[in-house]
Amino acid sequence: MNTLFMHCRPGFEGEVCSEIAEHAARLNVAGYAKAKPASACAEFVCTEDDGAERLMRGQRFAELIFPRQWARGSFIDLPETDRISVILAHMSAFPTCGSLWLEVVDTNDGKELSNFCKKFEGPLRKALTGAGKLVDDPYKPRLLLTFKSGREVFLGLAQADNSAMWPMGIPRLKFPREAPSRSTLKLEEAWHHFIPRDQWDERLHSDMTGVDLGAAPGGWTWQLVNRGMLVTAIDNGPMAESLMDTGLVQHLMADGFTFKPKQPVDWMVCDIVEKPARNAAMLEEWIGEGHCREAVVNLKLPMKQRYAEVKRLLERIADGFKARGIKVEIGCKQLYHDREEVTCHLRRLDTKKPKSR
């Protein structure tokens, strides 16, 4: 099991390779990254048998930016029939696993395999359970099978608490019909990724206030209102009437980059299409000046050197907070609902809670 296999958004394979190679070098894990363009996956091939395990042990998956999912293992060829026996034979050295996920890559070819996986999962699960290789235990490793075709599968392992929350890293979120745009799912996914679910009632509740910069028509504002927050929506464009009818939204026609709240708010969110450096500077200012305690901001990516640019901006933000002498949690992820962008979440740790309304 000397290969680390990773899912990603199609077109971002190079970013995954650059990112994982950097972490492997930091952890002294020898090997090389490789990927085919538009394949929605990448590999890091380790030259030592325990390399992939050490790499996963030394790196928190949630802190990776471009990989959607990962597992350590190897590719195996499958016959046309009796695939289960071949899989069981290759699992002789595997530990007993606590859960099973069958995955495909996020391409048209991969999606065509989804029906096969649905039919195959039941018999495979039964066989693994009968062989003592699968039990219901969240503390044991997760068994992940990524099918490249019906004849080739990556047989891998990952810790349930150090891998994606959903198969292939794709959240199962339902678009709320009341929301004025599908962009609402970006913010909902950001909350799932950056905020532990058992902290939502503490950090996303109705006594809070928020600002949405570049709000119209209100997809992100809807998420804040749905949690009962009072929201100031900043945009020169029109907001959805349904949001204004809630009585929880104040719409100000102003420039999102020059607006500042009169009183600190709990949340600032922003999905303005602008150069990433400008959005990053705004994010640093809002958190650094104490205008908000938590923020979610999207950074649009350049055409080339995307990982290098994101890393540079995150380092600049971190250096700015260090110079200010304040403690801030910084997270960044290319979420499933992102396109040519990444989502940043910042949380200031050394500030008092803004006064409730």
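Please read all numbers here as calculations on a predicted model, not as lab measurements.

Take the UniProt feature "domain: Ribosomal RNA methyltransferase FtsJ" (unreviewed entry) in the protein chain next. Per the UniProt annotation, the sites labelled "domain: Ribosomal RNA methyltransferase FtsJ" (unreviewed entry) are residues 181–274. Spanning residues 181–274, this segment combines 29% helix with 21% strand, and its end C-alpha atoms are found 19 Å apart.

Counting residues in each nonpolar core, the largest one holds 61 residues, and the members touching the most others are Leu 4, Phe 44, Phe 66, Leu 213, Met 268, Leu 283 and Trp 286. Among the elements that make up this core, the one with the highest residue count is helix H11 (residues 306–324) (six residues). Of all hydrophobic cores here, the second largest spans 25 residues; its members include Ala 190, Trp 222, Leu 243 and Val 296.

What follows is about the pattern of salt bridges. This model, assessed by the stated rule, comprises 24 salt bridges. Residue Glu 48 is joined to Arg 54 by a salt bridge in which the shortest nitrogen-to-oxygen separation is 2.7 Å. On the basis of relative accessible area, Glu 48 is assigned to the partly exposed category, the value being 37%. Where Arg 203 meets Glu 294, a salt bridge forms, and the shortest distance between an N and an O atom there is 2.8 Å. Separated by 91 residues along the polypeptide, Arg 203 in helix H7 (residues 200–203) and Glu 294 in strand E12 (residues 292–300) bring together distant segments of the chain. For Glu 294, a relative accessible area of 3% corresponds to the buried category. Shared partners join several salt bridges into a network, and the residues in it are Lys 186, Asp 271, Lys 300 and Glu 341.

What follows concerns the sheet that holds E12. Sheet architecture is open: seven strands sit in the order E10-E9-E8-E11-E12-E14-E13, paired in mixed fashion. Every other strand in the sheet has two partners, leaving strand E10 (249–252) and strand E13 (328–333) as the edge strands with one partner each. Each strand axis lies, on average, 15° off the axis of its neighbour in the sheet, ignoring direction. Here five bridges tie strand E8 (residues 209–213) to strand E9 (residues 230–234), and the two strands are oriented parallel to one another. Within E9, the position partnered with Thr 209 by the bridge is Leu 230. Along the sheet, helix H10 (residues 276–288) contacts E8, strand E11 (265–270), E12, E13 and strand E14 (341–348); its crossing angle with E12, the most-contacted strand, is approximately 175°.

Turning to the pairing of strand E1 (residues 3–7), a few remarks are in order. Burial analysis of E1 places five of its five residues in the buried class, the great majority of the element. Burial along E1 is two-sided: the residues Thr 3, Phe 5 and His 7 and Leu 4 and Met 6 are all buried. Here five bridges tie E1 to strand E3 (residues 41–46), and the two strands are oriented antiparallel to one another. Opposite Met 6, over in E3, you have Ala 42 as the bridge partner. Two elements, E1 and strand E4 (residues 69–77), share five bridges in a ladder whose sense is antiparallel. Note that in E4 the partner of Phe 5 across the bridge is Ala 71.

On to the pairing of strand E6 (residues 142–149). With six of eight residues buried, E6 is to be regarded as a mostly interior element. With six bridges connecting them, strand E5 (residues 99–104) and E6 associate as parallel partners. Along E6, the bridge assignment pairs Leu 100 with Leu 143. When E6 meets strand E7 (residues 152–158), the two strands line up antiparallel, connected through seven bridges.

What counts as what
- Residues numbered from 1 in each chain as written.
- Predicted model: local features only at pLDDT ≥ 70, side-chain atom pairs only at ≥ 80, totals over all residues.
- Heavy atoms only, no water.
- UniProt positions renumbered as here; feature names shortened; annotations may be inferred.
- Helix = DSSP H or I, 4+ residues; strand = E, 2+ residues; numbered from the N terminus.
- Core = buried A, V, L, I, M, F, W, Y, C linked by side-chain atoms within 4.5 Å.
- Buried < 20%, exposed > 50% of the residue type's maximum accessible area, 1.4 Å probe, protein only.
- Salt bridge = Lys/Arg side-chain N within 4 Å of Asp/Glu carboxyl O.
- Pairing = 2+ DSSP bridges.
- Axes fitted to C-alpha atoms, helices over the stretch in contact; angles between N-to-C directions.
- Contact = heavy atoms within 4.5 Å.

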